[in-house]
Amino acid sequence: MKKNFWYKKKILITGIDGFVGSNLAKKLLSLRANIYGIVQKKNKKSLLYFEKLNNKCKLFIGDLTNQKFTSRILKNNFEIIFHLAAQVEVGVANKGPYKTWESNIRGTYTILDNLIGNKKIKSIILASSDKSYGTYPKSLLPYKETYSSRAVYPYDVSKACADMIGQSYASELFKLPIITTRFSNIYGPGQLHFSALIPDIMKSIILNKIFIPRGDGSDLRDYVYIDDIVDLYLLLSKNLYLNQNLRGEIFNAGVNKPIKVKEVIKKFYLSRNKNEEFKLILKLMKSKKSKGEIPFQYMDYKKLKKYFGWQPKYEFKDTINNVFDWYEKYFNKNII
Ligand SMILES: NC(=O)c1ccc[n+]([C@@H]2O[C@H](COP(=O)([O-])OP(=O)(O)OC[C@H]3O[C@@H](n4cnc5c(N)ncnc54)[C@H](O)[C@@H]3O)[C@@H](O)[C@H]2O)c1
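A short tour of the structure in this document, coming up. (Residues numbered from 1 in each chain as written. Predicted model: local features only at pLDDT ≥ 70, side-chain atom pairs only at ≥ 80, totals over all residues.)

**Some thoughts on the environment of Y223**
Mapped onto the elements of the fold, Y223 is located in strand β9 (residues 223–225). Separated by 38 residues in the primary sequence, Y223 and N185 place their C-alpha atoms 4.9 Å from one another. Those residues within four positions of Y223 in sequence are excluded, and the remaining contacts are S184, N185, Y187, V255, I259 and V264. (Helix = DSSP H or I, 4+ residues; strand = E, 2+ residues; numbered from the N terminus. Contact = placed C-beta atoms within 7 Å.)

**With respect to the pairing of strand β6 (residues 178–183)**
Among the 6 residues that make up β6, 6 are buried, leaving the element largely enclosed by the rest of the structure. Neither face of β6 is exposed, since I178, T180 and R182 on one face and I179, T181 and F183 on the opposite face are all buried. For strand β5 (residues 123–127) and β6, the ladder comprises 4 bridges, and the chain directions are parallel. Within the sheet, the bridge partner assigned to L126 lies in β6 and is T180. In this region the chain leaves β5, passes through helix α6 (residues 154–170) and returns to the parallel neighbour β6; the handedness of that crossover is right-handed. For β6 and strand β10 (residues 250–253), the ladder comprises 4 bridges, and the chain directions are parallel. (Buried ≥ 20, exposed ≤ 12 C-beta atoms within 10 Å, placed from the backbone. Pairing = 2+ DSSP bridges. Right-handed = clockwise from strand over helix to strand, strands pointing away.)

**Considerations on the packing of helix α7 (residues 197–206) against helix α9 (residues 261–271)**
Closest axis-to-axis distance for the α7/α9 pair is 11 Å, and the angle between their directions is 35 degrees. The handedness of the crossing between α7 and α9 comes out as right-handed. Packed against α7, whose contacting residues are L197, I201 and I205, the element α9 presents V261, V264, I265, F268 and Y269 at the interface. Looking at side-chain class alone, the contact of α7 with α9 contains 8 nonpolar, no polar and no charged residues. (Axes fitted to C-alpha atoms, helices over the stretch in contact; angles between N-to-C directions. Left-handed = near helix turned anticlockwise from the far one by under 90°. Nonpolar A, V, L, I, M, F, W, Y, C, P; charged D, E, K, R; others polar.)

**Details of the site of the ligand**
Around the ligand, the surrounding shell holds 24 residues, and the nearest of these are G15, G18, L64, A86 and S103. Where the shell around the ligand is concerned, the elements lending two or more residues are α1 (19–30), α5 (98–113) and β7 (185–187). Its residues assigned to classes, the shell around the ligand shows 11 nonpolar, 10 polar and 3 charged. (Near = placed C-beta within 6 Å.)

**Focus on unusual backbone geometry**
The peptide bond linking L141 to P142 adopts the cis configuration, its omega dihedral lying at -5 degrees. Positive phi values are uncommon outside glycine, yet N77 reaches one of about 55 degrees. With respect to the helices and strands, N77 occurs in the loop between α3 (67–74) and β4 (80–83).

**Points about the sheet that holds β6**
Strand order in the open sheet formed by 7 strands is β3-β2-β1-β4-β5-β6-β10, and the pairing between neighbours is parallel. The sheet is open, and its two edges are formed by β3 (58–61) and β10, each paired on a single side. Ignoring strand direction, the axes of neighbouring strands in this sheet form an average angle of 20 degrees.

**With respect to the nonpolar core**
Among the nonpolar cores identified, the biggest contains 79 residues, and I11, I13 and A25 are the most heavily contacted of them. Of the residues forming this core, the biggest block, 6 residues, is contributed by helix α8 (residues 226–242). In contact with I11, not counting residues within four places along its chain, are L28, A33, N34, I35, Y36, F78 and I80. One finds I105, A151, A160 and A162 within the second-largest nonpolar core, a separate group that totals 6 residues. (Core = buried A, V, L, I, M, F, W, Y, C linked by C-beta atoms within 7 Å.)

**Section: the environment of F296**
Along the chain, F296 falls in the loop between α10 (275–285) and α11 (302–308). Each C-alpha atom, one on F296 and one on C57, is 38 Å from the other, the two residues being 239 residues apart in sequence. Ignoring any residue separated from it by four or fewer positions in sequence, one finds F296 in contact with K138, L141 and L220.

Below, the structure is given as structure tokens:
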């Protein structure tokens, strides 16, 4: 096999057993990179274990916010880091934000602070989120990278803080090679928080459970497929590695196709001819109002296109069958 850029690169992924982390690890392993990962506790249900990728990575088990643990791991002199670890469940954060502040804010500065003065590190990708922008009126969407944060809800604030902390470590003072990503909702194989919309839909359709809507379905969102995001992470990391002038850049990504939550549900239900079940969900939605969630969110990718010619390859119509296939296999082996 021909050597590629990633061959034998020493890479750390925080949150490697999460949805994005395990998909990223899978791709990087296929490119024969040396993958290290931080795992809070063994989560045997994650894609990392389900697809037996864990045996091909070196895993450190512990909490990122533990200064001693994190500094010991960083002595390994990684050249490339993807910082993905976070408490991502909006509902969990809304019920009691303390653990979300800890993981998302303390976790971020613990890792970055330990990298000050590190001569080996060439690329750090910091996963922020579209949620870090907070609520903007529909007339000002899609969000632009230059917008300041209007975050109010806990998860959104935690991502905005981590994002700003990243800007500080990337500044003239510390010069850490950081690119910050603010992506819209990501979906696909391996997403296992069943409070998120598409995993919840999968669980309801495949396991014949009643779908309980969180709102009236009118919230506007933008969904980008995991394979597009993995490719984009590779693209950004490689470019930063080769061109340190990209230090401090921020990139939004989504598919720029705003869609109402109820339309997403419809696509999945109707693709399996579940018309009656979908009508029932519409009825349940009538009396619901979502709380603690931003009503309109979508992203474009103008800056990414300008810098690197990137654009998403996938739309729902290209991915729905793949998504069903993966969750069907998963539910066959795992009880949730
Ligand atoms: N999934 C999306 O739609 C989406 C969209 C935009 C941005 N993001 C961002 O991408 C990143 C990855 O998201 P995901 O969907 O893979 O989430 P995930 O929950 O599947 O994975 C996050 C991982 O981080 C780990 N983690 C949390 N706190 C930790 C701690 N203190 N120490 C060690 N590990 C810890 C969790 O155990 C989990 O495995 C997050 O930073 C998230 O904010 C996700």
